[in-house]
Amino acid sequence: MLKYREMTEEDCKEVAILEKENFEHPWSFDSLIKEVHNESSVFITAVSDGKVAGYAGMYIVCDEGDITNIVVGEDYRGKGIASGMMDYLIQKADSMKINDMTLEVRVSNLTAIHLYEKFGFVSEGIRPGFYDSPNEDAMIMWRRGVNNYH
Ligand SMILES: CC(C)(COP(=O)(O)OP(=O)(O)OC[C@H]1O[C@@H](n2cnc3c(N)ncnc32)[C@H](O)[C@@H]1OP(=O)(O)O)[C@@H](O)C(=O)NCCC(=O)NCCS
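Parameters and conventions
Residues numbered from 1 in each chain as written. Predicted model: local features only at pLDDT ≥ 70, side-chain atom pairs only at ≥ 80, totals over all residues. Heavy atoms only, no water. Near = heavy atom within 4 Å. Polar contact = N/O pair within 3.5 Å; in protein donor to acceptor, adjacent residues only side chain to side chain. Areas by Shrake-Rupley, 256 points an atom, 1.4 Å probe, with all protein chains shown as cover. Helix = DSSP H or I, 4+ residues; strand = E, 2+ residues; numbered from the N terminus. Nonpolar A, V, L, I, M, F, W, Y, C, P; charged D, E, K, R; others polar. Phe/Tyr/Trp six-rings, centres within 6.5 Å; stacked < 30°, edge-to-face > 60°. Lys NZ or Arg CZ within 6 Å of the ring centre and 35° of its normal.

Draft legend 1. Layout of the site of the ligand. Neighbouring the ligand are 19 residues, the closest being Ile70, Val72, Gly78, Ser83 and Asn109. Contacts to the ligand include Gly78, whose backbone N or O atom sits 2.7 Å from an oxygen atom. Note that an oxygen atom of the ligand is positioned 3.4 Å from one of the backbone N or O atoms of Lys79. When the free accessible area of the ligand is taken as 940 Å², the share hidden by the protein chains comes to 69%. Taken together, the elements giving at least two residues each to the shell around the ligand come down to β4 (64-72), α3 (81-95) and α4 (110-118). Considering each element in turn, the shell around the ligand owes the most residues, six residues, to α4. Tallied by class, the residues present in the shell around the ligand amount to nine nonpolar, seven polar and three charged.

Draft legend 2. Up close: the packing of aromatic side chains. The final tally for this structure, using the stated rule, is six aromatic pairs. Aromatic pair Phe43 and Tyr59: ring centres 6.3 Å apart, planes at 70 degrees, arrangement edge-to-face. Of this pair, Phe43 sits in strand β2 (residues 41-48) while Tyr59 is found in strand β3 (residues 51-61), placing the two residues 16 residues apart along the sequence. Through a chain of ring-to-ring contacts, three or more aromatic side chains come together here, namely Trp27, Phe43, Tyr55 and Tyr59. For the cation-ring pair, Arg144 lies above Trp142, with the distance from its terminal atom to the ring centre recorded as 4.0 Å.

Bear in mind that shape data such as this cannot, by itself, settle questions of function.
Right, dumping it as structure tokens:
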């Protein structure tokens, strides 16, 4: 059974492993634990039969939602889990009256770009050399809300 929920301290060990497996500069266990208690962020996990299959994080900056990371474990990809987490974050942003959401993504990461486009994010520019290991440009994507909360 798959369920989505706000990240708990118990999830952080498995989330830190996902980070290490997927990123050159992974978030540490300690920094993830801090996010569990951070009222300015929303970190969520997708849990499949008791195991963390994926997670995603969003910072609330003024009235914007800044998606920091989204990862699904290799064995769980292509099953709609990242889409489920995007849905969850967008609904959460709506409930907090957050109008606009943004993120950065490596320009070569077409899988993630397709995911974001599916949820209404569009490219609004390129940040040259934003990433290292390997050096690469970032695409800056925005999902401008239609609600005009502010
Ligand atoms: C990007 C990632 C989170 C997608 O997770 P996922 O659970 O497999 O994604 P979903 O099954 O929900 O698919 C969502 C959309 O992504 C795109 N997508 C998924 N797999 C794809 C592939 N192999 N090729 C191209 N697009 C793909 C499609 O648009 C898909 O929507 P669709 O099935 O309606 O066409 C996952 O591949 C991952 O963790 N990658 C490594 C970490 C990463 O790069 N994170 C993003 C950093 S910004």
